[in-house]
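# Coordinate analysis (summary)
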Amino acid sequence: LKYIELLVKVGADSRIFPKKCATCGQVFRNFPEYIHRTEAVSEGLADYSGVLDLPRTMQYRNCSCGSTLTILFTKEVYPLLDKFWEMLGMEAKETNRPLVEVVTEFRQQCNRYIHEMDRQ
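Criteria and cut-off values
- Residues numbered from 1 in each chain as written.
- Predicted model: local features only at pLDDT ≥ 70, side-chain atom pairs only at ≥ 80, totals over all residues.
- Heavy atoms only, no water.
- Helix = DSSP H or I, 4+ residues; strand = E, 2+ residues; numbered from the N terminus.
- Rg over C-alpha atoms; globule rule 2.2 N^0.38 Å.
- Buried < 20%, exposed > 50% of the residue type's maximum accessible area, 1.4 Å probe, protein only.
- Contact = heavy atoms within 4.5 Å.
- Lys, Arg positive; Asp, Glu negative; His and termini not counted.
- Charge placed at Lys NZ, Arg CZ, Asp CG, Glu CD.
- Pairing = 2+ DSSP bridges.
- Axes fitted to C-alpha atoms, helices over the stretch in contact; angles between N-to-C directions.

## Looking at the overall build of the protein
- A tally of helices and strands in the protein yields 4 helices and 5 strands.
- When the elements of the protein are put in sequence order from the N terminus, they spell out α-β-β-α-β-β-β-α-α.
- Radius of gyration (C-alpha) of the protein: 14 Å, near the 14 Å computed for a compact globule of 120 residues.
- Each principal axis of the C-alpha atoms in the protein carries an extent, and together these give about 40 × 35 × 25 Å.
- Among the 120 residues that make up the protein, the fraction classed as buried is 41%.
- Summarising the internal contacts of the protein: among those between residues at least 6 apart in sequence, 48% fall at separations of at least 24.
- Treating the 16 positive side-chain charges of the protein as one cloud and the 16 negative ones as another, the clouds have centres 5 Å apart.

This is the structure we're talking about:
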């Protein structure tokens, strides 16, 4: 839950939001709005920590116009980034499931959490 809550708080980070679609100009003011008004893609969250040896994660979602939007999470934006991927890796190992399945499940939990927050 702490990883989900921290991810939701990222939406207040002015380095990420507002996010504007370069194709249609639609603007997403925060992370919950981004989640509500875009569609998930199959490989929606990817670890790129091996690139330049910097902890970074990319989230991909499709705008309603069909364009793919990305959000870059770095350690500055998401301080638990290393521990986040470590937690997902441990979950995959302990449950004997592929990492991509665990990541997809986490994304679904995060989206449900955001939708539940909006109902309150």
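## Let's talk about the sheet that holds strand S3 (residues 39-47)
- The strand order across the open sheet built from 3 strands is S3-S4-S5, with neighbouring strands paired in antiparallel fashion. Strand pairing shows two members of the sheet lacking a second neighbour, S3 and strand S5 (68-74), which therefore form its edges. Between one strand axis and the next, the sheet turns by 15° as a mean value, whatever way the strands run.
- Strands in contact with helix H3 (residues 81-95) are S3, strand S4 (56-62) and S5; relative to S3, the strand with the most contacts, it is inclined by about 105°.

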